[in-house]
Amino acid sequence: MIYLNIPLVNLKRQSDRLRDEIHASLDRVIDSGQFIMGDEEKTFEKEIASFVGTTYGIGVGNGTDALIMALRALNIGPGDEVITSPFTFFASAESISSVGATPVFVDISPDTYCMDVDMLYDAITPRTKAIIPVHIFGHMVDMKKLMEIAKARNLAVIEDACQAIGATQDCMRAGAIGDAGCFSFFPTKNLGGMGDGGMVVTNRKDMDDAVRMFRVHGSRRKYHNECIGYNSRLDELQAAILRVKLRYLSGWEKKRRYRARIYNEELKNLPIKLPIELDEYRHVYHLYVIGCDERDGLMSYLKDKGIGCGVYYPLPLHLLPVYRNLGYGIGRLKNAEGAAITTLAIPLCPELNDLEQEYVIDSIKEFYGVK
Ligand SMILES: *Cc1c(COP(=O)(O)O)cnc(C)c1O
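All values reported here derive from a predicted model rather than from experimental measurement.

What's the story with a nonpolar patch on the surface in this structure? I'm lost.
A cluster of nonpolar side chains, Ile-30, Phe-35, Ile-36, Met-37 and Leu-237, forms an exposed patch at the surface whose accessible area comes to about 400 Å². Relative to the helices and strands, Met-37 resides in the loop between helix 1 (11–32) and helix 2 (39–52). Accessibility expressed as a relative area gives 30% for Met-37, which makes it partly exposed.

If you want it as structure tokens, here you go:
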């Protein structure tokens, strides 16, 4: 009997492979003496904008701040409602609350776990100002349909693309479709730094201008602060590291998709729900998430075998105590509530190898008594 220790995401292995290249780029920054808003960040902003297909990219401190500043750039605040998904990381809704607006949750599709765009109509009120679609786990929301609704109702759209850099729908990249797109470079994201980082991308000159102002204390000119802003930049060391990693992103994406195909094939006859990639979409598998009724049992079985797995997310946002005041209660958003108790992310990262994946697959089959 072999026993392997397999983390959900193997960052150590990735860092080891890139260590020399990263050291060289860190030296470059150290020698420059410029640590905030220098050439590395400027170049990285251009590289991400061109990768995503937008005119502008603005480096910021993290993905949450990217969302907050994009909302501020659209003048969203107290009295406004912003529609988002209840099945996502807290920051998608937290950013809305942070600017004083009210999050409104629309249930998800049980297939992709993304916002069910057909249910948007019922959530729109005269106070609705914007929609934040979340491309969860690396699969995009139906942006074609969402943009039609947004245009018809005159609503702004901020894509939460934190988990979906590189994902596409009809060849359009996540982040490039709405008024703005937000990315996180948190270490475990598909493009992750060695600390916090984020970016807003947009084709709108006015939003580029506003976010650039917000990230330096609301000033366009030093000491001439025009509004209450933030101190939220992507620092030079992170930008330098991310520039190294960006060169590997497409290759990593292919590996993620390759590993996902193997899981799909090997697990297809088990009583578990596999991730779906709809036609015309490209899933970038930030997480490989399966669904089953025995979720908790399977999770502890796998953990006992040394396999890292995790629940994203155990509580849909409308059931968090902090949002009890919004008045949703249990039973209102059934698909999100169902996903919260049935889904489990299993190891998948570009560094996962054949032996490890086979061990994960065999262990899952064992749990179901198939092997
Ligand atoms: C990671 C993440 C964020 C927040 O990004 P940070 O860089 O951690 O602030 C927001 N939304 C989603 C969907 C995320 O996965």
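What am I meant to see in the site of the ligand here?
Residues in close proximity to the ligand total 14 residues, the closest being Gly-63, Thr-64, Asp-160, Ser-184 and Lys-189. Take Gly-63: an N or O atom from its main chain is 2.8 Å from an oxygen atom of the ligand. Within the contact set of the ligand, a nitrogen atom lies 2.8 Å away from a side-chain nitrogen or oxygen of Asp-160. In the complex, the protein chains occlude 93% of the 380 Å² of accessible area that the ligand would expose alone. Of all the secondary structure elements, the ones that give two or more residues to the shell around the ligand are helix 3 (63–73) and helix 4 (91–98). A breakdown of the residues in the shell around the ligand according to their chemical character gives 4 nonpolar, 8 polar and 2 charged.

Help me out: how do you make sense of the packing of helix 3 against helix 4 in this one?
How two helices sit against one another is set out by the angle between their axes and by the gap between those axes. Running from N to C, helix 3 and helix 4 cross one another at 40°; their axes reach a closest spacing of 9 Å. Relative to helix 4, the element helix 3 lies oblique. The hand of the helix 3/helix 4 crossing is right-handed. Packed against helix 3, whose contacting residues are Thr-64, Leu-67, Ile-68 and Leu-71, the element helix 4 presents Ala-91, Ser-92, Glu-94, Ser-95, Ile-96 and Ser-98 at the interface. In terms of residue class, the contact of helix 3 with helix 4 is built from 5 nonpolar, 4 polar and 1 charged.

Looking at this model, I keep getting lost on the nonpolar core. Mind explaining?
Looking at soluble globular proteins, one finds that nonpolar side chains tend to be buried together. Of all hydrophobic cores here, the largest spans 69 residues; its most connected members are Phe-44, Ile-48 and Leu-146. Every residue in contact with Leu-146, bar those within four places of it in the chain, is listed here: Met-115, Val-117, Leu-120, Ile-131, Pro-133, Val-141 and Val-157.

Reading the values: the criteria
- Residues numbered from 1 in each chain as written.
- Predicted model: local features only at pLDDT ≥ 70, side-chain atom pairs only at ≥ 80, totals over all residues.
- Heavy atoms only, no water.
- Patch = residues over 30% accessible without salt bridge, like charges linked within 9 Å, V, L, I, M, F, W, Y side chains within 5 Å.
- Areas by Shrake-Rupley, 256 points an atom, 1.4 Å probe, with all protein chains shown as cover.
- Salt bridge = Lys/Arg side-chain N within 4 Å of Asp/Glu carboxyl O.
- Helix = DSSP H or I, 4+ residues; strand = E, 2+ residues; numbered from the N terminus.
- Buried < 20%, exposed > 50% of the residue type's maximum accessible area, 1.4 Å probe, protein only.
- Near = heavy atom within 4 Å.
- Polar contact = N/O pair within 3.5 Å; in protein donor to acceptor, adjacent residues only side chain to side chain.
- Nonpolar A, V, L, I, M, F, W, Y, C, P; charged D, E, K, R; others polar.
- Axes fitted to C-alpha atoms, helices over the stretch in contact; angles between N-to-C directions.
- Parallel < 35°, antiparallel > 145°, perpendicular 65-115°, else oblique.
- Left-handed = near helix turned anticlockwise from the far one by under 90°.
- Contact = heavy atoms within 4.5 Å.
- Core = buried A, V, L, I, M, F, W, Y, C linked by side-chain atoms within 4.5 Å.

Keep in mind these numbers describe shape, not what the thing actually does.
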